[in-house]
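Residues per chain are reported as follows:
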Amino acid sequence: MPRTPGADLPDHPDFLWDDPDPKPAYDVIVVGGGGHGLATAYYLAKVHGITNVAVLEKGWLAGGNMARNTTIIRSNYLWDESSGIYEHSLKLWEGLEEDLGYPILFSQRGVLNLAHSLQDVRDSVRRVEANKLNGIDAEWVDAEGVKELCPIVNTSPDVRYPVLGATYQPRAGIAKHDYVAWGFARAAHAMGVDLIQNCEVTGISTVNGRVTAVETSRGRIAAGKVALCAAGHSSVLARMVGLDLPLMSHPLQALVSELLEPIHPTVVMSNAVHVYVSQAHKGELVMGAGIDSYNGYGQRGSFHIIEQQMAAALELFPVFARAHLLRTWAGIVDVSPDASPIIGLTPVENLFLNCGWGTGGFKATPGVGDVFAATIARGKPHEYAEPFTLDRFTTGALVDEHGAAAVAH
Amino acid sequence: MQLIPCPWCGPREEAEFHYGGQAHVAYPEDPAALSDEDWAKFVFFRANPSGPLAERWSHSAGCRRWFNAVRDTRTHDLLAVYRLDEPKPVIP
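Residues numbered from 1 in each chain as written. Chains lettered and ligands numbered in written order. Predicted model: local features only at pLDDT ≥ 70, side-chain atom pairs only at ≥ 80, totals over all residues. Heavy atoms only, no water.

(A) Region of the structure containing the overall build of chain B. Secondary structure summary: chain B contains one helix and six strands in total. Beginning at the N terminus, the succession of helices and strands in chain B can be written as β-β-β-α-β-β-β. Dimensions of chain B, computed from the C-alpha atoms along their principal axes, are close to 45 × 25 × 25 Å. Among the 92 residues that make up chain B, the fraction classed as buried is 35%. Nonlocal contacts in chain B, meaning residues at least 24 apart in sequence, comprise 42% of its contacts between residues at least 6 apart. Total accessible area on chain B is roughly 5400 Å²; 51% of this is exposed by carbon and sulfur atoms. Here chain B contributes 10 positively and 13 negatively charged side chains, and the mean placements of these two sets differ by 5 Å. (Helix = DSSP H or I, 4+ residues; strand = E, 2+ residues; numbered from the N terminus. Buried < 20%, exposed > 50% of the residue type's maximum accessible area, 1.4 Å probe, protein only. Contact = heavy atoms within 4.5 Å. Areas by Shrake-Rupley, 256 points an atom, 1.4 Å probe, with all protein chains shown as cover. Lys, Arg positive; Asp, Glu negative; His and termini not counted. Charge placed at Lys NZ, Arg CZ, Asp CG, Glu CD.)

(B) Looking closely at the pattern of salt bridges. Residue and element names in this part refer to chain A. In the structure shown here, the tally under the stated rule is 17 salt bridges over all chains. Between Glu215 and Arg220 there is a salt bridge, with its nearest N and O atoms 2.5 Å apart. Where Asp338 meets Arg392, a salt bridge forms, and the shortest distance between an N and an O atom there is 2.7 Å. With Asp338 in the loop between β16 (325-335) and β17 (342-345) and Arg392 in helix α9 (residues 392-395), the pair connects residues that are 54 residues apart, well separated along the chain. (Salt bridge = Lys/Arg side-chain N within 4 Å of Asp/Glu carboxyl O.)

(C) Seen up close, the sheet that holds strand β5 (residues 66-72) of chain B. Residue and element names in this part refer to chain B. With antiparallel pairing, four strands are arranged side by side in an open sheet as β3-β4-β5-β6. A single partner strand is all that each edge strand has here, and the edge strands are β3 (18-22) and β6 (78-82). On average, each strand axis in the sheet is inclined to that of its neighbour by 30°, with strand direction left out of account. (Pairing = 2+ DSSP bridges. Axes fitted to C-alpha atoms, helices over the stretch in contact; angles between N-to-C directions.)

(D) Quick peek at the interface of chain B and chain A. Residue-level contacts link 23 residues of chain B with 23 residues of chain A. Together, the buried faces of chain B and chain A total about 1900 Å²; carbon and sulfur atoms form 58% of this surface. The largest contributions to the chain B side of the interface with chain A come from Phe44, Asn48 and His76 of chain B, which together make up 33% of the buried area. Put simply, chain B and chain A have one salt bridge between them. The residue Lys41 of chain B makes a salt bridge to Asp244 of chain A at a minimum N-O spacing of 3.8 Å. If you look at where chain B meets chain A, you find 11 residue pairs in polar contact (both at pLDDT 80 or more). A per-element tally of the side of chain B that touches chain A places helix α1 (residues 36-44) of chain B first, with five residues. Split into classes, the residues belonging to the side of chain B that touches chain A amount to 10 nonpolar, six polar and seven charged. (Buried area = accessible area lost by both parts, 1.4 Å probe. Polar contact = N/O pair within 3.5 Å; in protein donor to acceptor, adjacent residues only side chain to side chain. Nonpolar A, V, L, I, M, F, W, Y, C, P; charged D, E, K, R; others polar.)

(E) Layout of the packing of aromatic side chains. Inspection of every chain in the model, using the stated rule, returns 17 aromatic pairs over all chains. Ring geometry for Trp93 of chain A versus Phe362 of chain A: centroids 5.3 Å apart, planes at 40°, classification tilted. Highlighted residues: Trp93 of chain A in helix α2 (residues 80-100) and Phe362 of chain A in the loop between β18 (351-355) and α8 (365-378), separated in sequence by 269 residues. Exposure remark for Trp93 of chain A: the relative accessible area of 1% places this residue in the buried category. Owing to a relative accessible area of 7%, Phe362 of chain A belongs among the buried residues under this scheme. Plain terms: the ring middles of Tyr294 of chain A and Tyr19 of chain B are 6.4 Å apart, the flat faces sit at 80° to each other, and that makes the pair edge-to-face. Residue Tyr294 of chain A is located in the loop between β15 (284-291) and α7 (303-316), and its partner Tyr19 of chain B is located in strand β3; the two belong to separate chains. By the ring-pair criterion, three or more aromatic residues cluster together here, those being Tyr42, Tyr43 and Phe184 of chain A. The side chain of Lys41 of chain B reaches across the aromatic face of Phe45 of chain B, ending 4.4 Å from its centre. Its guanidinium or amino end placed over the ring of Phe42 of chain B, Arg46 of chain B lies 5.8 Å from that ring's centre, counting from NZ or CZ. (Phe/Tyr/Trp six-rings, centres within 6.5 Å; stacked < 30°, edge-to-face > 60°. Lys NZ or Arg CZ within 6 Å of the ring centre and 35° of its normal.)

Here is the structure:
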């Protein structure tokens, strides 16, 4: 940093995978061709040698939340359970480009999570200390430290919500989300995985409590095991086998500015005023907002959410005042009651669940792929998935990460 | 921005309202009799359909009264708005 905008982008790829028709049967069917589904298929093939696998996607590969997220990668969560899986993921990110043999533009430019009140400061310092105990790089920086790391942040004490400091994770950063998906897709396809697009799952068949097949818009496909990786639509899929999930699907909006010269060297997030900003490799300012309060599947959100987000962005970054908004969009996120994912087995035999990542699933892509693939292959939870079972809502063993999830929900 | 028809004030902008989640969720009649599973269902599980959902709204920046609405979560269209003492309308 700073780099010339666009100079490090690889050429747009040619076709990286075939577009096959579904076979009559597979050992494993992964429902959802986004980042998590593709990563799961990749690790099933690579680590466990299970290659008779289909990834079913109702639209086009990685065209849902994977195409709509704000690409932030970090592992500075509060609780040991979350540290386990997110740090596992971050370590995989650090070797992923080499592993996939494909550029993903992983840039460890650091993430600042701002604190704007005394309580914010106390909570942030607590999280930093918890991170350190888990061997995660984290530090507390004061307002001057924020200014040093990211000079465009307004650290004046005279604003409504002054910046009092921030948590800082130097190894955190961003990656190019499309390339991540294409890298996983290409590598999974090379090992024999069928990537099947325009194939919507319309039913899930069971016999004696055991999953046997999926009904799709392209016919019935038999399956030894079925793995759900459908993010915002997980509730809809689970209802097909009579399974209720403790999830709410909400629109989550983001936006980008026009292309600008490199001005923003890191990633800045603020829970309190609710905006987070990074600068994409090409030069757009990428900004995320909070979720809309109500349930929704329409992939569009409310104008007033964007208005609040822009107001917060302008107070924190007065330099953005004349930047033009290029486009806005929304994804549908599945929010769980404790802001933590649900990974693992279900009451239906050989039906596996990966959902509830809410607003923060992208950063977990390689980690959850590895952990979920192991859970599917072995038929029991991987150690990093163990705390994230569906029955924690009955036992009460919640993993409350609202404070570290960084998006207000 | 959406216009939401408050039963008392008429159509007002979405930003005046507060969302209250699923409607018609009754507090357990005999809480002491509930199993852990039943408590989990009551506390954590709510309907999350892709389609019509009966839900509660409060006109928090207006008359401050609560009401119910049936809204299609795919289109955000409000299919019915009704008072708390009115039964849930049948949506064809």
